[in-house]
Amino acid sequence: MTHALELRQIRKSWGQVEVIHGIDLAIEEGEFVVFVGPSGCGKSTLLRLIAGLDDPTSGDILLKDRRVNNIPASERGLSMVFQSYALYPHMSVRSNLSFGLENVRMPKDEIDRRVNDAAKLLQIDMLLDRRPGQLSGGQRQRVAIGRAIVREPVIFLFDEPLSNLDAELRLQMRVEISNLHSQLGNTMIYVTHDQVEAMTMADRIVVLRAGRIEQVGKPLDLYNHPANRFVAGFLGAPQMNFLKGRLAQDGTLTLDCGLTRQIRPVEPLASEQSVTLGLRPESIGVSLEGQGDLTASVQNFEQLGAVTYIYTAFPNGETLTVQLGRQIPLKRGQEIGVTFDMDRVHVFAGEGERALKLDRAEP
Amino acid sequence: MFPTPIAKTSRSWQLTYQSLLPVALILWLLPLISIAVFSIKPDADFTSGNYWGWPSSFEGITNYSKVFFESDMPRYLLNSVFITVPTVLGCIALSAMTGFALGIYRFRSNLWIFFMFVAGNFVPFQILMVPVRDLTLNLGLYNTKTGLVLFHIAFQTGFCTLFMRNFIRALPFELIEAARVEGVSEWRIFWFVVLPLMKPALAALAVLIFTFIWNDYFWAVVLTQGVESQPVTAGITSFNAQYRAAYHLMSAGSIVAALPPVAMFFLMQKHFIAGLTLGAVK
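The structure presented is a predicted model; accordingly, all values stated were derived computationally and were not measured. (Residues numbered from 1 in each chain as written. Chains lettered and ligands numbered in written order. Predicted model: local features only at pLDDT ≥ 70, side-chain atom pairs only at ≥ 80, totals over all residues.)

## A word on the interface of chain A and chain B
Interfaces are frequently sized by the accessible area removed from exposure as the parts join.
So, point 1. At the interface, 26 residues of chain A touch 22 residues of chain B.
So, point 2. Contributions of two or more residues to the side of chain A that touches chain B are made by strand E6 (78–81) and helix H2 (93–103) of chain A.
So, point 3. If one sorts the elements of the side of chain A that touches chain B by residue count, E6(A) sits on top with three residues.
So, point 4. The residue makeup of the side of chain A that touches chain B, split by class, is 14 nonpolar, eight polar and four charged. (Contact = placed C-beta atoms within 7 Å. Helix = DSSP H or I, 4+ residues; strand = E, 2+ residues; numbered from the N terminus. Nonpolar A, V, L, I, M, F, W, Y, C, P; charged D, E, K, R; others polar.)

Structure follows, in structure tokens:
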């Protein structure tokens, strides 16, 4: 089976330090894949390896089944959009777009057609004669994307392209890049540290940590079935709540904050062990009258109109964030009752805090 | 703000400043002023000991026309041009390329090669006098402009490389990477991306090297010895005969010889613009 891109056991070391520890990944034609992870997880390094700007220490990179390790960046047929845009400051926008094409001796009218098409698509056709210095951040970003589009690349590579934009513009460009993907249908690889960008844009998310892939999957699969505590905590805002407890062999879960519940792991436990219970803020019910599984005191709250975030604490000091899809009257220090939706809990145990498979009706 | 603007200081300090400044300025420029004044004095003023006084008569036109029409000065000036311009072009062309290679490419001995370029500047050039003279003589380049040009290029390229390499290092590296991903060959990256952005450095270096070479006296004396090859700095002494020196003509000649570097500076000035990479990143 032909993949648009395949990585086989990719490793990368800088001197003695290995930063990428053997990555295997296949990306299909037309997919929008997002590499996400905290800073220093190796996501940008991985993108640079794919682009050919750095060479892997070992492992193979295959573009359409062709090994490209020894093919320089200029001959891989990829396009890359840099975080800093990297526009040629001494050239007009038009020359910025056409420069790469002129270098491959493309006919003049074909270059003009592509430049004009890209400019129209990105709504920068009135800026073609300006210099990058005369453009706003968002316009520069568009030019950088335009420069990638005109090459009609096999794969688009985006290296945190939106992180220099302000919040409003970022939202707008996020939608535009998604639209662009559905219009062009090209394979795109997008690197970001922003889990919202990952969740909203990706066909598939690759979560990276410290040079290893933690989990690969569709955004909602990762959100609903995180493989481990890291992925669970990384995706979703506000973050998933984590509560410490112990799980007995018979499936009795005792949380330090005072709740006891029965759960059914698919694979029986060898012995009693300490576990972490994970529960998303939206999977918690609230009662102002103090009824429910437990009571917690309100430390702080944020009323956003459509949603309310309540930051509470249990008597043992553990905190719990609750997200409500409605408005309720709240006071600081108030005691409220909270109810856990046990069909949506995650239990993380053992080395690497992997998620335990639970035997239950999936929501 | 430091230093405090004069307009905001006390009245007494303002007066002190305003009276001391012109004094300092005149002291500073005194040698230049005296040369300028001498260049319009008659020959007699020197023999009569009128060094600093008012010229007894104004002979500016006579002196300068003698320099241009009755001496070898035009020839010497032309020699200077034929020595300086090729040297500047050669140094800049070579150092732009060495600077690009050392600034952009990461190879094992990069830093050592760079250090060798820099270390060349630490060699006191006086100790090279005899070997370089022998070398040019053996190559048959003694007393030729070519010999002087070749030596100057070789000797100046070290400093120029230091200058260029550091300037290229300061350019946003993503520009080069972006071009590479776009399929641009390295030679075209150098020519169409890096070179245009180096304009301020090229202009500054051109002025600097032009001034260095134009004003060089040492090597001109060591490697050349006649009107057919000597530059103006060495040629100016030809106004000295065995028993008398024509100081009024030497002064006029010096003024003429000093003008080209100044002209060069003003010519290149508009290229010293900062912020050429504005809009490249962020």
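## Concerning the nonpolar core
So, point 1. Counting 133 residues, the largest nonpolar core has Val34(A), Leu157(A) and Ile189(A) as its most contacted members.
So, point 2. The element that contributes the greatest number of residues to this core is helix H10 (residues 199–214) of chain B, accounting for 10 residues.
So, point 3. Sequence-distant contacts of Leu157(A), that is, excluding residues within four places in its chain, are made with Leu47(A), Ile50(A), Ala51(A), Leu78(A), Ser79(A), Met80(A) and Ile189(A).
So, point 4. Core analysis: the next-biggest nonpolar cluster, separate from the first, contains 11 residues, Leu77(B), Ile236(B), Leu249(B) and Ala257(B) among them. (Core = buried A, V, L, I, M, F, W, Y, C linked by C-beta atoms within 7 Å. Buried ≥ 20, exposed ≤ 12 C-beta atoms within 10 Å, placed from the backbone.)

## Remarks on the packing of helix H7 (residues 145–169) of chain B against H10(B)
All names here are of chain B.
So, point 1. Contact geometry of H7 with H10 gives a least axis separation of 11 Å together with a crossing angle of 155°. It follows from the interaxial angle that H7 and H10 lie roughly antiparallel. Crossing of H7 against H10: the hand is right-handed. Residue-level inspection shows His-152, Gln-156, Cys-160, Phe-163, Met-164 and Phe-167 of H7 in contact with H10, the latter providing Ala-201, Leu-205, Ile-209, Phe-212 and Ile-213.
So, point 2. By residue class, the composition of the contact of H7 with H10 is nine nonpolar, two polar and no charged. (Axes fitted to C-alpha atoms, helices over the stretch in contact; angles between N-to-C directions. Parallel < 35°, antiparallel > 145°, perpendicular 65-115°, else oblique. Left-handed = near helix turned anticlockwise from the far one by under 90°.)

## Points about the domain arrangement of chain A
All names here are of chain A.
So, point 1. You can read the domains of chain A as domain 1 (5–232) and domain 2 (239–355).
So, point 2. Each of domain 1 and domain 2 has a C-alpha centre, and these two points are 38 Å apart.
So, point 3. Within the side of domain 1 that touches domain 2, the residues separate by chemical class into three nonpolar, one polar and one charged. (Domains from an automatic or database assignment.)

## Section: the environment of Phe234(A)
So, point 1. Inspection of the secondary structure puts Phe234(A) in helix H8 (residues 229–234).
So, point 2. Phe234(A) has contacts with Gln195(A) and Val207(A), leaving out every residue within four places of it along the chain.

## Thoughts on the domain arrangement of chain B
Residues and elements named next belong to chain B.
So, point 1. The assigned domain composition of chain B is domain 1 (6–68) and domain 2 (71–271).
So, point 2. With centres defined by C-alpha atoms, the gap from domain 1 to domain 2 works out at 32 Å.
So, point 3. Taken together, the contacts link 13 residues of domain 1 with 13 residues of domain 2.
So, point 4. Residue assignment for the side of domain 1 that touches domain 2 shows that the elements contributing at least two residues are helix H1 (11–38), helix H2 (43–47) and helix H3 (60–69).
So, point 5. If you tally residues by element for the side of domain 1 that touches domain 2, the top one is H3, at five residues.
So, point 6. Its residues assigned to classes, the side of domain 1 that touches domain 2 comprises eight nonpolar, two polar and three charged.

## Here we look at the sheet that holds strand E19 (residues 335–340) of chain A
All names here are of chain A.
So, point 1. Strands sit in the order E15-E19-E16-E17-E18 across an open sheet of five strands; the sheet is antiparallel. The sheet is open, and its two edges are formed by strand E15 (284–287) and strand E18 (319–324), each paired on a single side. Averaged over all adjacent pairs, the angle separating strand axes in this sheet is 45°, with direction ignored.
So, point 2. Where strand E16 (residues 294–303) lies against E19, four bridges are found, and the strand directions are antiparallel. Across the sheet, residue Ser-297 finds its bridge partner in E19, namely Glu-335. (Pairing = 2+ DSSP bridges.)

## Some remarks on the pairing of strand E11 (residues 241–247) of chain A
All names here are of chain A.
So, point 1. In terms of strand pairing, E11 meets strand E14 (residues 273–279) through seven bridges, oriented antiparallel. Paired with Leu-247 across the bridge in E14 is Gln-273.
So, point 2. Taken together, the three bridges between E11 and strand E12 (residues 252–255) define a ladder with antiparallel strand orientation. Note on E12: the bridge partner recorded for Arg-246 is Thr-254.
So, point 3. The turn joining E11 and E12, which pair antiparallel and follow one another in sequence, is formed by four residues; a positive phi near 95° is taken by Gly-251.

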